[in-house]
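# A look at the structure
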Amino acid sequence: MTIAAKKKDLAGSLYDFEEIKLSEKTFEKFATKMYDLAGVDLPFTPKNHALIRNRIVKLLRRHDLRTYEEYWAMLERGDNTLIQEFISALTTNMTSFYRESNHFDFMAKVMPELMAKHGPELRVWCAAASTGQEPYTLAMTVCESLPEAQASRVRLLATDIDLQVLKKASVGTYEEREMQGLPPVQRTKYFEKTKVNGDEYFRAKDQIHKMIRFAPFNLMNPKYEFQHKFHMIFCRNVLIYFDEATTKKVIDNLVSCLAPGAYLVLGHSESGNVKHPSLKPLSRAVYQKI
Ligand SMILES: C[S@@+](CC[C@H](N)C(=O)[O-])C[C@H]1O[C@@H](n2cnc3c(N)ncnc32)[C@H](O)[C@@H]1O
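Treat the numbers as computed from the prediction; the structure is a model and nothing was measured.

### Focus on the overall build of the protein
A tally of regular secondary structure across the protein gives eleven helices and twelve strands. When the 290 residues of the protein are sorted by exposure, 51% land in the buried category. Residue pairs at least 24 apart in sequence account for 70% of intrachain contacts in the protein once pairs closer than 6 positions are excluded. Carbon together with sulfur atoms contributes 53% to the accessible area of the protein, which is approximately 14,600 Å² in total. Side-chain charges in the protein split into 41 positive and 35 negative, and the spacing between the mean points of these groups amounts to 3 Å.

### Some remarks on helix 11 (residues 244-256)
Relative to the 18 Å expected for 13 residues at 1.5 Å per residue, helix 11 spans 18 Å between its end C-alpha atoms, a close match to the ideal helical length. All buried positions along helix 11 are accounted for by Thr246, Thr247, Val250, Ile251, Asn253, Leu254 and Val255. Buried residues along helix 11 sit against helix 1 (24-38), strand 3 (122-126), strand 9 (230-235), strand 10 (258-266), strand 11 (279-283) and strand 12 (286-289).

### Here we look at the confidence of the model for the protein
With 94% of its residues at a pLDDT of 70 or more, the protein has an overall mean of 94. Per-residue pLDDT stays below 50 along residues 1-5; that stretch engages in eight contacts with residues further than four places along the chain or on separate chains. Here residues 9-13 is modelled with pLDDT under 50, and outside its nearest four sequence neighbours on either side it reaches five contacts, counting other chains as well.

### Thoughts on the sheet that holds strand 7 (residues 199-204)
Pairing is antiparallel across the open sheet formed by three strands, whose spatial order is 5-7-6. Each edge of the open sheet carries a strand with a single partner, namely strand 5 (173-174) and strand 6 (191-196).

### With respect to the domain arrangement of the protein
Domain parsing of the protein yields domain 1 (6-90) and domain 2 (102-289). The C-alpha centroid of domain 2 is placed 31 Å from the C-alpha centroid of domain 1. The interface is formed by nine residues belonging to domain 1 together with ten residues belonging to domain 2. Both faces considered, domain 1 and domain 2 share a buried interface measuring about 860 Å² in area, 49% of it formed by carbon and sulfur atoms. Sorting the residues of domain 1 by area buried against domain 2 places Tyr35, Gln84 and Ser88 first, and these three jointly supply 41% of that buried surface.

### Description of the nonpolar core
The biggest cluster of nonpolar side chains holds 56 residues, and the ones touching the most others in it are Tyr71, Trp125 and Leu219. Of all the secondary structure elements, the ones that give two or more residues to this core are helix 1, helix 2 (46-63), helix 3 (68-77), helix 4 (80-90), strand 9, helix 11 and strand 10. The element contributing the most residues to this core is helix 4, with six residues. Both domains that furnish three or more residues to this core are identified here as domain 1 (6-90) and domain 2 (102-289). Ignoring any residue separated from it by four or fewer positions in sequence, one finds Leu219 in contact with Ala127, Tyr224, Cys235, Val238, Phe242, Val250 and Leu254.

So, how was this worked out
Residues numbered from 1 in each chain as written. Predicted model: local features only at pLDDT ≥ 70, side-chain atom pairs only at ≥ 80, totals over all residues. Heavy atoms only, no water. Helix = DSSP H or I, 4+ residues; strand = E, 2+ residues; numbered from the N terminus. Buried < 20%, exposed > 50% of the residue type's maximum accessible area, 1.4 Å probe, protein only. Contact = heavy atoms within 4.5 Å. Areas by Shrake-Rupley, 256 points an atom, 1.4 Å probe, with all protein chains shown as cover. Lys, Arg positive; Asp, Glu negative; His and termini not counted. Charge placed at Lys NZ, Arg CZ, Asp CG, Glu CD. Expected span 1.5 Å × (residues − 1). pLDDT = per-residue confidence, 0-100. Pairing = 2+ DSSP bridges. Domains from an automatic or database assignment. Buried area = accessible area lost by both parts, 1.4 Å probe. Core = buried A, V, L, I, M, F, W, Y, C linked by side-chain atoms within 4.5 Å.

Following this line, the structure appears as structure tokens:
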């Protein structure tokens, strides 16, 4: 038993959180709840059992609870803050700057053409923005591919279901290890060093920060209602967590939000799931609405 795994209980003895059992029945309750809330599909496998256990044990510690059943009861009684915390614990937020970089080469290539066809205002939606590296990459790509006056007329919307990562994204401040994938030239041009409690961080400069609006959005919403259509939608590396039926609904909704001729970009490993009569595949995980 590691020291970190122990906690003194009220009687003063050491309590080992690592030894608390997560039964299959309680696992199913958590998995079903996550599916209903976020569409994230977690069938009962040893890997998913370990995932839920390792993530929820942190919440047991935080709330000073001794069993998963106690946590479940609290969640069932709980308010939106507890639900948000649960969603946040069970989402996977891995991301990086310029991840699957051919998508940004593609974007740089089509931005002038989109501006000519649909301008002067363009709208781009990053639909699973996580901690923000993806929408800031989109903003940098816009700045690199359009003259300044046009770039300033591109509206970027960055959304995620997880409010914790969304908050971090909206602040736009990163540790060195989170800057992975960002080339040195872009790092200097679009980020500035800042200190928080004596530690060094990199903060997105105003030029890209002010281009993005951050908002919560659940891809499980039955209908996506936006005032205007989008010219590009990036919805990458999130469909992998959904089952086939959910993926189909999400794709239908995303397509309904695209302007004719606009582009949908998914994660590299997600393109196998997509067959839609209005989508023409162009290159790896890139589609155009016809
Ligand atoms: C692995 S990250 C991908 C981040 C980024 N798109 C990328 O490709 O680097 C998946 C993100 O999807 C979000 N997510 C999961 N379920 C969601 C849902 N139902 N609605 C919106 N976002 C969701 C998670 O919170 C997480 O931040």
